[in-house]
Amino acid sequence: MAKSENITWQTTKINKQDRRKRFGHKSAVLWFTGLSGSGKSTIAVEVEKQLFDRHINSYVLDGDNIRFGLNSNLGFSAEDRAENIRRIGEVSKLFADAGLFTLTAFISPYRADRDKVREILGDGEFIEVFVDTPLEVCEKRDVKHLYEKARRGEIKGFTGIDAPYEAPEEPELTIDTSAQSLEASAKQIIDYLASHDYISLAE
Ligand SMILES: Nc1ncnc2c1ncn2[C@@H]1O[C@H](COP(=O)(O)OS(=O)(=O)O)[C@@H](OP(=O)(O)O)[C@H]1O
Ligand SMILES: Nc1ncnc2c1ncn2[C@@H]1O[C@H](COP(=O)(O)OP(=O)(O)O)[C@@H](O)[C@H]1O
């Protein structure tokens, strides 16, 4: 609900369809969700590079990075995570309007928060990618030594340890990085975009 009163939506001369026509591809958000260390960022960064190389406009929004700036006032309570995801949903909607593919890499552990983003983006513009790497594997990787700290009780409310992760029920794509290579995951996503007419792979 908007807090401000007396505001009016300003229309522009160029719309999303105009931009898509100019760029030669559709726009949408690839919403990666999964545990810390599951592979969200690694895959998002690889797919962004492959799209860029094909002259497809795209941009990665990464949980850690966004928490340095736009969302630096948010922590990891359920309420703060909800606000984190809400803001990223709104930013992704703007980017979709701008004609880009946004690749978001946020744990986004609550189903209701993700479903709200699906709702605000609308039909076909929210592609949920469940990075379903088992907790044991993520914990073994422990890239940032955060699981170690969480197990020692030095971090409270760590997803998968003492805070919940609610798996998607009907994600558009599921990836298990303990069972498939980075190349296979990137190909799976690019093939999905091509087969659903978001992009064309023809040179
Ligand atoms: N308590 C707790 N729980 C989970 N994660 C934590 C926590 N504290 C810090 N971190 C680090 O923050 C990254 C997750 O931030 P997100 O913005 O993606 O989280 S969320 O979507 O709001 O749940 C996450 O990064 P990724 O490993 O990239 O997922 C962690 O590095
Ligand atoms: N098949 C794979 N796909 C993606 N990442 C992998 C794979 N195998 C190992 N990894 C490693 O797992 C880690 C995943 O970390 P990261 O991408 O930061 O996860 P997240 O963003 O979900 O926290 C990286 O160190 C990456 O090199």
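Residues numbered from 1 in each chain as written. Chains lettered and ligands numbered in written order. Predicted model: local features only at pLDDT ≥ 70, side-chain atom pairs only at ≥ 80, totals over all residues. Heavy atoms only, no water.

Put simply, the rule reads: UniProt positions are given in the numbering used here, feature names are shortened, and annotations may be inferred rather than shown by experiment.
For the protein, the name recorded in an unreviewed UniProt entry is Adenylyl-sulfate kinase, with Pediococcus parvulus as its organism. Per UniProt, the protein carries the Function (unreviewed entry) text "Catalyzes the synthesis of activated sulfate." Quoted verbatim from the Catalytic activity (unreviewed entry) field of the UniProt record, the comment on the protein reads "adenosine 5'-phosphosulfate + ATP = 3'-phosphoadenylyl sulfate + ADP + H(+)".

## Some words on the packing of aromatic side chains
Put simply, the test is: Only centres within 6.5 Å qualify two rings of Phe, Tyr or Trp (six-membered ring in Trp) as a pair; their planes then separate them into stacked at under 30 degrees, edge-to-face at over 60, and tilted for everything else. Under the scheme used here, helices are H or I runs from DSSP no shorter than 4 residues and strands are E runs no shorter than 2 residues, and both carry numbers assigned from the N terminus. In this scheme, a residue with accessible area under 20% of its type's maximum is buried, one over 50% is exposed, and one in between is partly exposed, where area comes from a 1.4 Å probe on protein chains only.
Summed over the entire model, instances satisfying the criterion amount to 7 aromatic pairs. Ring centres of Trp 31 and Phe 126 lie 5.8 Å apart, and the angle between their planes is 35°; on these two criteria the pair is classed as tilted. With Trp 31 in strand β1 (residues 28-33) and Phe 126 in strand β4 (residues 126-131), this pair connects stretches of sequence that are 95 residues apart. Ring geometry for Phe 101 versus Tyr 198: centroids 6.4 Å apart, planes at 70°, classification edge-to-face. Note that Phe 101 is positioned in strand β3 (residues 101-105) and Tyr 198 in the segment after α8 (182-195), a separation of 97 residues in sequence. No difference in accessibility class separates Phe 101 from Tyr 198, as the two residues are buried. An aromatic cluster is present here, built from Trp 31, Phe 106 and Phe 126 joined pairwise through their rings.

## Details of the site of ligand 1
As a reminder, the rule being used: Residues are labelled near a given molecule or strand when at least one of their non-hydrogen atoms is within 4 Å of it. Within 3.5 Å is the distance limit for a polar contact, defined as a pair of N or O atoms, with the added protein rule that one can donate a hydrogen and the other accept it, and that residues adjacent in sequence qualify only through two side-chain atoms. To measure how exposed things are, a 1.4 Å probe is used in the Shrake-Rupley method; for residues, cover is taken only from the protein chains shown. A cavity, in this analysis, means grid points on a 1 Å lattice covering only the protein atoms where a 1.4 Å probe fits yet has no way out; a pocket is instead an open set bounded by protein on both sides within 12 Å along at least five of seven lines, and a residue lines either one if it has an atom within 4 Å of a point. The rule for placing a molecule in a cavity or pocket is simple: more than half of its atoms must lie within 2 Å of the grid points.
The local shell around ligand 1 holds 21 residues, among which Ser 36, Arg 67, Arg 81, Asn 84 and Ser 108 are the closest. Arg 81 places a side-chain nitrogen or oxygen 2.8 Å from an oxygen atom of ligand 1. Residue Asn 84 places a side-chain N or O atom 2.8 Å away from an oxygen atom belonging to ligand 1. In the complex, the protein chains occlude 93% of the 630 Å² of accessible area that ligand 1 would expose alone. In this structure, ligand 1 is accommodated by the largest pocket.

## A few points about the layout of surface pockets
Keep this limit in mind: Grid points are joined across faces, edges and corners, and a volume is the space filled by probe spheres set on the points. The residue classification treats Ala, Val, Leu, Ile, Met, Phe, Trp, Tyr, Cys and Pro as nonpolar and Asp, Glu, Lys and Arg as charged. All others, Gly included, are polar.
By volume, the largest pocket is sized at about 780 Å³. Lining the largest pocket are 36 residues, with Ser 36, Gly 37, Lys 40, Asp 64 and Lys 144 positioned closest to its centre. Of all the elements in the fold, those that place two or more residues in the lining of the largest pocket are α2 (40-53), α3 (63-66), α4 (78-97) and α7 (146-151). Ranked by residue count, the leading element in the lining of the largest pocket is α2, at 4 residues. Counted by class, the lining of the largest pocket contains 13 nonpolar, 14 polar and 9 charged residues. Roughly 290 Å³ of internal volume is contained in the second largest pocket.

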